[in-house]
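Here's the letter readout for the chains.
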Amino acid sequence: MEGNKKKRSSLARLMEYAGGHKKLTILGCALSGISAILAMAPYICIWYVARGVFASLSNLSAAQGLIQYGWIALGLAVASMLVYFGALMCTHLAAFRTARNMRSTAAKHLVDVPLGYFSQSQSGKLRKAIDDNAGMTESLLAHQLPDLIGAIVTPFAAIILLFVFDWRMGLICLIPIILAVYLLTRMMGGKNARFFSRYQKALEDLSAEATEYVRGIPVVKVFQQTVYSFKSFYSSILSYSKLAEDYSMSCRNPMTGFTTVLNSTFVLLIPMGMILCQGASDGFAVLVDLLFYILFTPMCALMMTRIMYASEANMEADEAVRKLDEIMEVQPLGEENGKPISLRDSGIELKHVTFTYPGSVSPALKDVSFVIPQGSTVALVGPSGGGKTTAASLIPRFWDPQEGQVLVGGVDVKRLPSQQLMEQVAFVFQDTRLFKTSLLENIRAARPGATEQEVLKAAHLAQCDDILKKFPNGLNTMVGSKGTYLSGGECQRIALARAILKDAPIIVLDEATAFADPENEALIQKAFEALTRGKTVLMIAHRLSTVQNADQILVLEDGRITEQGTHQQLVEKQGTYAKMWKDYRTSAQWKVGKEMRV
């Protein structure tokens with residue numbers, strides 16, 4: 001099925017997103033074709049007028065009846081404009097609905113993808129893929145597609161007209177059109193066919209590097225590494241510049257030829273007309289035909305220009321649909337049971353779990369098994385990259401393992417509806433994010449229906465009293481407005497207040513004291529007591545002082561559990577944990593002092 005999706009053209013894929021508005025697109029294109037035919041009809045009337053005028057030179061009073069052809073030509077021109085207006089109305093409505101459907105389809109799909117996907121995908125790229133790329137298709141559907149249909153209809157009608165009056169002049173007019181088509185394929189085909197794909201990637205890389213460079217300016221200035229830090233950004237600028245330059249240079253000759261050929265019809269047409277006039281028995285008839293071709297040929301040039309722009313828009317649409325399909329191909333988290341399931345308890349168990357991140361070769365977890373009984377606290381420790389955060393992220397289904405099972409209350413988390421699973425687990429991450437709203441709403445995000453008194457109680461248990469006292473508006477203080485910002489430790493305590501308010505039976509703490517100073521760490525430890533009392537807790541920490549009292553400690557190295565036991569048991573084993581504990585105690589005793597001089 002996926003293979004068939006890739007084989008279908010971008011236009012076919014867009015029609016799928018159009019849904020019921022597909023009929024409007026078809027109607028708009030049909031009206032555009034009719035408009036193109038009507039637009040050519042006035043030229044026929046002009047030919048009749050010119051023929052009548054030349055025929056009536058000896059008796060101008062006979063030309064009075066030719067005025068009706070002028071009115072017919074005007075009526076046909078107005079009709080063509082009205083029909084074209086109706087065509088654009090249809091295609092614009094369909095284009096806007098299609099773009100909306102593309103955005104809503106992608107947004108709905110993202111709701112069901114693993115939460116871990118967002119940690120690997122930059123928000124800017126996702127926004128561009130959904131919003132900007134959907135907008136790129138509007139131009140194709142609203143303007144270029146109906147113009148393309150008109151441009152396709154025009155040649156068939158034009159070829160008939162070109163050969164109806166004088167096949168020799170028609171053939172002369174057709175030669176530049178054939179050359180223009182050849183030059184157009186040179187510009188849009190070959191290595192340039194995938195230009196927009198490379199262009200969009202270069203633009204994304206440039207945007208990402210620019211953002212990283214701006215964010216890193218404070219660090220750059222501190223360490224005086226301006227030149228070196230600019231290298232990556234500068235390299236992306238050069239790459240983008242070279243791509244645009246190469247494309248422009250590759251199109252230079254074909255585009256010059258395309259423009260020249262389209263405007264060179266008269267170079268061939270006028271001499272041919274003069275030659276035919278000289279050898280014709282009725283020179284006036286040949287002049288009338290020549291006048292028709294002189295007036296009609298610019299319309300053929302406009303037709304070719306429309307085809308060129310439509311080809312460019314189609315390339316943009318191909319890239320937009322491809323980017324959107326990349327998002328849609330991310331496998332959602334399937335729910336085997338949409339109804340709540342009765343859980344045995346709030347215990348957690350991992351059974352022979354193996355997990356590999358998308359795009360990675362080596363597994364992050366390899367046949368990992370452990371049990372966290374209800375109401376107990378288990379700590380995961382070990383070297384960075386050992387798999388601690390990965391193991392914790394499988395419990396709330398940030399990812400699903402490729403092998404093994406993750407059980408909550410004796411039930412595989414894959415069978416639990418997302419809402420029920422989220423109600424069972426509360427998280428506190430090392431990188432806490434607060435919304436730009438009041439402290440009240442930030443805490444109440446965990447339970448929107450909570451009263452202000454319940455929020456105050458949670459804030460008190462999370463040791464946030466000093467935070468509320470230093471702001472005049474207390475809980476109603478707006479975060480991020482008028483210079484109101486919180487330190488890392490204060491943000492962690494607000495996050496703990498959220499978790500306390502949620503009152504979930506399972507708590508996952510991922511480096512919750514990572515950015516806290518000693519004073520904040522002491523307050524956070526008190527908040528932990530209120531948060532974890534009677535709960536099932538999975539704790540990840542590098543500061544080993546926070547895990548000494550855990551019921552069980554698991555040491556994860558290279559994706560495997562290498563040691564497990566209580567703090568005392570692991571210290572006595574003289575293994576990895578004992579070494580980590582020794583190093584931690586040594587670092588805690590470090591002091592900054594003056595160098596001793598002899």
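Residues numbered from 1 in each chain as written. Predicted model: local features only at pLDDT ≥ 70, side-chain atom pairs only at ≥ 80, totals over all residues. Heavy atoms only, no water.

*Asks:* Would you mind going over the overall build of the protein with me for this structure?
*Replies:* For the protein, the count of helices and strands is 21 helices and 10 strands. Residue burial in the protein is summarised as follows: out of 598 residues, 44% are buried. At a minimum sequence separation of 6, the contacts of the protein that also span at least 24 residues come to 78%. Taken as a whole, the protein presents about 31,600 Å² of accessible surface, with 59% of it coming from carbon and sulfur. (Helix = DSSP H or I, 4+ residues; strand = E, 2+ residues; numbered from the N terminus. Buried < 20%, exposed > 50% of the residue type's maximum accessible area, 1.4 Å probe, protein only. Contact = heavy atoms within 4.5 Å. Areas by Shrake-Rupley, 256 points an atom, 1.4 Å probe, with all protein chains shown as cover.)

*Asks:* Teacher, can you tell me more about the pairing of strand β9 (residues 552–557) here?
*Replies:* For strand β3 (residues 377–381) and β9, the ladder comprises four bridges, and the chain directions are parallel. Its bridge partner being in β9, Ala-379 is matched across the sheet by Ile-553. Alignment of β9 against strand β10 (residues 560–565), held across five bridges, turns out to be antiparallel. The partner of Ile-553 across the bridge, within β10, is Gly-565. Two successive antiparallel strands, β9 and β10, enclose a turn made up of two residues, where Asp-558 displays a positive phi of approximately 50°. (Pairing = 2+ DSSP bridges.)

*Asks:* What is the right way to look at the pattern of salt bridges in this model?
*Replies:* Oppositely charged side chains can form a pair if their charged atoms are brought close together. Under the counting rule described, the total for this entry stands at nine salt bridges. The partner of Lys-366 in a salt bridge is Asp-558, and the shortest N-O contact between them spans 3.3 Å. In this pair, Lys-366 sits in strand β2 (residues 365–372) while Asp-558 sits in the loop between β9 and β10, placing the two residues 192 residues apart along the sequence. Relative accessible area serves as the criterion here: at 19%, Lys-366 is assigned to the buried category. Notably, a salt bridge pairs Arg-444 with Glu-441, separated by 2.6 Å at the nearest N-O pair. You can see Arg-444 and its partner Glu-441 sitting in helix α15 (residues 439–444), three residues apart, about one turn around the helix. Accessibility expressed as a relative area gives 33% for Glu-441, which makes it partly exposed. (Salt bridge = Lys/Arg side-chain N within 4 Å of Asp/Glu carboxyl O.)

*Asks:* Looking at this structure, how should I read the confidence of the model for the protein?
*Replies:* The predicted coordinates of low-pLDDT regions are not to be read in fine detail. This prediction gives the protein a mean pLDDT of 76; 74% of its residues lie at or above 70. Averaged pLDDT values over the elements of the protein bottom out at 44 in helix α1 (residues 2–7) and peak at 94 in strand β1 (residues 348–355). Scored below 50 in pLDDT, residues 1–7 makes four contacts in the model with residues more than four places away or belonging to other chains. (pLDDT = per-residue confidence, 0-100.)

*Asks:* Teacher, can you tell me more about the packing of aromatic side chains here?
*Replies:* In this description, an aromatic ring pair is defined by two values, namely the gap between the centres and the angle between the planes. All told, the structure shown has four aromatic pairs when counted by the stated rule. Ring geometry for Phe-355 against Tyr-357: centres 4.8 Å apart, planes inclined by 80°, an arrangement best described as edge-to-face. Taking the relative accessible area as the measure of exposure, Tyr-357 reaches 23% and is therefore partly exposed. Taken together, a centroid distance of 5.6 Å and an interplanar angle of 40° make the contact between Phe-398 and Phe-427 tilted. Placement of Phe-398 in the loop between α13 (388–394) and β4 (403–408) and of Phe-427 in strand β6 (residues 425–428) is noted, with a sequence separation of 29 residues between them. (Phe/Tyr/Trp six-rings, centres within 6.5 Å; stacked < 30°, edge-to-face > 60°.)

*Asks:* Help me out: how do you make sense of the sheet that holds strand β8 (residues 536–540) in this one?
*Replies:* Hydrogen bonds between backbone groups are what pair the strands of a sheet, and the pairing can be parallel or antiparallel. Spatial strand order, β6-β7-β8-β3-β9-β10: six strands in an open sheet with mixed pairing. Of all strands in the sheet, those bounded by a partner on one side alone are β6 and β10. Along the sheet, successive strands turn relative to each other by an average axial angle of 20°, direction set aside. Inspection of the sheet shows β3 paired to β8 by four bridges, in the parallel sense. Within β8, the residue paired with Ala-379 across the bridge is Met-539. (Axes fitted to C-alpha atoms, helices over the stretch in contact; angles between N-to-C directions.)

*Asks:* Please clarify how a nonpolar patch on the surface should be interpreted in this entry.
*Replies:* Where nonpolar side chains cluster on the molecular surface, the patch consists of Trp-71, Leu-74, Val-78 and Leu-82 and spans about 450 Å² of accessible area. Position of Leu-82 among the secondary structure elements: in helix α4 (residues 67–112). A relative accessible area of 58% means that Leu-82 is categorised as exposed. (Patch = residues over 30% accessible without salt bridge, like charges linked within 9 Å, V, L, I, M, F, W, Y side chains within 5 Å.)

*Asks:* Please explain the packing of helix α16 (residues 452–461) against helix α18 (residues 488–502) as it appears in this structure.
*Replies:* The geometry of a pair of packed helices is captured by two quantities: the angle between their axes and the separation between those axes. Here α16 crosses α18 at 125°, and the two axes come no closer than 8 Å. The orientation of α16 with respect to α18, classified from their angle, is oblique. When you trace α16 past α18, the crossing you get is right-handed. Residues Glu-454, Val-455, Ala-458, Ala-459 and Leu-461 of α16 lie in contact with α18, whose contacting residues are Ala-497, Ile-500 and Leu-501. By residue class, the composition of the contact of α16 with α18 is seven nonpolar, no polar and one charged. (Parallel < 35°, antiparallel > 145°, perpendicular 65-115°, else oblique. Left-handed = near helix turned anticlockwise from the far one by under 90°. Nonpolar A, V, L, I, M, F, W, Y, C, P; charged D, E, K, R; others polar.)

*Asks:* Hey, could you run me through the side chain of Thr-536 in this one?
*Replies:* Mapped onto the secondary structure, Thr-536 falls in strand β8. Residue classification places Thr-536 among the buried residues on the basis of a relative accessible area of 0%. At 3.0 Å, the side chain of Thr-536 forms a polar contact with the backbone nitrogen of Gly-375. (Polar contact = N/O pair within 3.5 Å; in protein donor to acceptor, adjacent residues only side chain to side chain.)

*Asks:* What's the story with the sheet that holds β1 in this structure? I'm lost.
*Replies:* As summarised here, the arrangement of the four strands in space is β2-β1-β4-β5, forming an open sheet in which the pairing is antiparallel. In the strand order of this sheet, the two ends are held by β2 and β5 (411–412), each with one partner.

*Asks:* How do you make sense of unusual backbone geometry when you look at a structure like this?
*Replies:* A negative phi angle is the norm for most residues apart from glycine, just as the trans form is the norm for most peptide bonds. Its identity is not glycine, yet Asp-367 carries a phi of approximately 50°, on the positive side. Relative to the helices and strands, Asp-367 is located in strand β2.

*Asks:* Help me understand α18, please; the structure alone is not making it clear to me.
*Replies:* Each α-helix winds once per 3.6 residues, and so residues spaced three or four apart point in a common direction. With 15 residues, α18 should cover 21 Å at 1.5 Å per step; its first-to-last C-alpha distance of 21 Å lies within 8% of that length. Most of α18 is tucked away, with 13 of its 15 residues classed as buried. Positive phi shows up at Asp-503, right after α18, with a value of about 55°. (Expected span 1.5 Å × (residues − 1).)

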